[in-house]
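Commentary on secondary and tertiary structure
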Amino acid sequence: MNIKALAPRSDFPLLAGDPALRYLDSAATTQKPQSVLDAIGGYYKRENANPHRGAYALSGAATEAYQGARDSIARFLGASDPDTLIFTRGTTESLNLLAAAWGRANVKKGDRIVVTRLEHHANFVPWQQLAVAVGAEFKICELTSAGEIDLANLNELVTPNTKVVAFGHVSNAIGTVNPVADIVAIAHRAGALALCDGAQGAPHITVGFDSLGVDAYAFSGHKMLGPMGIGGLIAKRDLLEDMPPYQMGGDMIALVGDNATTWNVLPHKFEAGTPNVEGAVGLAAGVAYLEALGMDRVYAHESALVQYATEQFASIEDVVVLGPPPERRGGVVSFTLRDVHPHDLSQLLDAEHIAVRAGHHCAQPLMRSLGVNATTRASFYVYNDSSDVDALVGAVARVRERFAVAL
Ligand code: PMP
């Protein structure tokens, strides 16, 4: 099998500088193309000032760079109203914003919050703790034996007192791609909000926010070629307008009286303090790179690698690949090798310059239900090719040989 990379390694300085590296941990964070590094450097060389605050031309240039980035990222995500894209530090902060600002104002004792067994801790703990704090019910939708959301169970759990259904677009731990439209329909039928953790969706799948149906969508820039420390929350305008602010300070106010304050318009109401302009500009460059590749091709490329890796692993005894069949998974192959601990396995792979993730993938409730403490996870992106899969599978086979007696 010869699956060529979609993007040349030479575009990515870190990969170009380390030809032996097999980077298979893009679900954790992606490598950055030169164009992203250039955009960040260019911003500091030509436009840096505090946006929104100065009347001078340079501050205007910084403001334009920041708003321009918002416009292009909103367009990429299919949101026609860019002011409903709130920049945050990333998915974690976006979900905490929702749970803290919207949740505290709207979820009361006796209400119900529903999440799924697939969730990353970032889309689990804020809701669990909100429920604990206000005395709401906290319910977890279970999975089918294939590792997919059990829609019948979801239907039962989403009762008329349910205020929110929080679910991921794609599982970071086992790769399940969730049926967003079905989940939204169940949530909305009960009058609940449908909130989507898109950390593993936006980098890999066309999001199309306006037609997706969810009330809010959270994402992280560093998982989609952008820098760390920038991401966002896109939400329906009414939801953001009706919600109290999350953090207070500069930029998010309209008028500050001695005893009362009014809030600025969107998006500023949710962006207190000096924003991360370099992050926004860097992420806009990352998004431009993905747009040039085409998101349909990105998804097809990852699917081909996942399919190939799954087939190759099937020939190694004792390797168990978790999650749904490859055609219903994102760019993730999560597996176990009998009694070899994933941490040991990942260290042995590291000795062959193969970087994979090992652990619970911030999804302990999921690991418990799968009956494992941890898995080893390879995740693919635009710069990977089938030789990365061959290297991985060959190295895992060698580890198995080495431990064959113990196994
Ligand atoms: N949700 C999912 C599904 C994720 O994969 C991640 C990152 N591992 C997060 C949330 C949290 O993202 P961040 O650390 O960028 O805030």
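Residues numbered from 1 in each chain as written. Predicted model: local features only at pLDDT ≥ 70, side-chain atom pairs only at ≥ 80, totals over all residues. Heavy atoms only, no water.

Here we take up the site of the ligand. For the ligand, the full set of nearby residues is T91, T92, H120, A122, N172, D197, A199, Q200, S220, H222 and K223. Contact distances for the ligand include 2.6 Å between a nitrogen atom and a side-chain N or O atom of D197. Between the ligand and the protein, one listed contact pairs an oxygen atom with a side-chain N or O atom of S220 at 2.6 Å. In the complex, 83% of the free accessible area of the ligand, which totals 400 Å², lies under the protein chains. Partitioned by chemical class, the residues of the shell around the ligand number 2 nonpolar, 7 polar and 2 charged. (Near = heavy atom within 4 Å. Polar contact = N/O pair within 3.5 Å; in protein donor to acceptor, adjacent residues only side chain to side chain. Areas by Shrake-Rupley, 256 points an atom, 1.4 Å probe, with all protein chains shown as cover. Nonpolar A, V, L, I, M, F, W, Y, C, P; charged D, E, K, R; others polar.)

Taken domain by domain, the chain comprises domain 1 (9–31 + 295–406) and domain 2 (37–291). Each of domain 1 and domain 2 has a C-alpha centre, and the two are 28 Å apart. Counting each side, the surface lost to burial between domain 1 and domain 2 is near 2700 Å², with a carbon and sulfur contribution of 57%. Applying the counting criterion to the domain 1 and domain 2 interface returns 1 salt bridge. (Domains from an automatic or database assignment. Buried area = accessible area lost by both parts, 1.4 Å probe. Salt bridge = Lys/Arg side-chain N within 4 Å of Asp/Glu carboxyl O.)

Moving on, we get to helix α2 (residues 34–46). Between its terminal C-alpha atoms α2 stretches 18 Å, which fits the 18 Å expected from 13 residues at 1.5 Å a residue. Looking at the buried positions of α2, the neighbouring elements they touch are α3 (57–76) and α10 (277–293). (Helix = DSSP H or I, 4+ residues; strand = E, 2+ residues; numbered from the N terminus. Expected span 1.5 Å × (residues − 1). Contact = heavy atoms within 4.5 Å.)

This part takes up the sheet that holds strand β14 (residues 357–359). Across the sheet, which stays open at both edges, the 4 strands sit in the order β11-β12-β15-β14 with antiparallel pairing between neighbours. Taken across any chain shown, the strands that pair with only one partner, and hence form the sheet edges, are β11 (319–321) and β14. The mean inter-strand angle of the sheet, taken between neighbouring strand axes irrespective of direction, is 30°. Direction of pairing for β14 relative to strand β15 (residues 375–379): antiparallel, over a ladder of 3 bridges. Pairing of A358 across the sheet is with T376, part of β15. Where helix α11 (residues 295–314) meets the sheet, its contacts fall on β11 and β12 (332–337), and the angle it forms with β12 comes to roughly 15°. On the sheet, helix α12 (residues 342–350) packs against β12, β14 and β15 and is oriented at approximately 160° with respect to β14. (Pairing = 2+ DSSP bridges. Axes fitted to C-alpha atoms, helices over the stretch in contact; angles between N-to-C directions.)

As a general feature of sheets, a regular strand has side chains that alternate between the two faces. Counting buried residues in strand β3 (residues 112–116) gives 5 out of 5 residues, a clear majority hidden from the surface. Neither face of β3 is open: one carries R112, V114 and T116, the other I113 and V115, and all of them are buried. Pairing of β3 with strand β4 (residues 137–141), which is carried by 5 bridges, proceeds in the parallel orientation. Of the residues in β4, the one forming a bridge with V115 is I140. Pairing of β3 with strand β5 (residues 162–168) involves 3 bridges; the strand directions are parallel. Bridged to V114 within β5 is V165. (Buried < 20%, exposed > 50% of the residue type's maximum accessible area, 1.4 Å probe, protein only.)

Applying the stated criterion to the full structure yields 15 salt bridges. Here R400 ties to D318 by a salt bridge, and the two come within 2.7 Å at their closest N and O atoms. Placement of the pair is R400 in helix α14 (residues 386–402) and D318 in the loop between α11 and β11, with a sequence separation of 82 residues. Exposure remark for R400: the relative accessible area of 15% places this residue in the buried category. Here the residues in one salt-bridge network are D318, R338, R400 and E401, joined through shared partners.

Here we take up the environment of M252. With respect to the helices and strands, the residue M252 is situated in the loop between α9 (237–242) and β9 (253–256). Owing to a relative accessible area of 0%, M252 belongs among the buried residues under this scheme. Sequence-wise, M252 and P267 are 15 residues apart; in three dimensions their C-alpha atoms are separated by 8.5 Å. Once you skip the residues sitting within four places of it in the chain, M252 turns out to touch P245, Q247, W263, N264, H268, K269 and A272.

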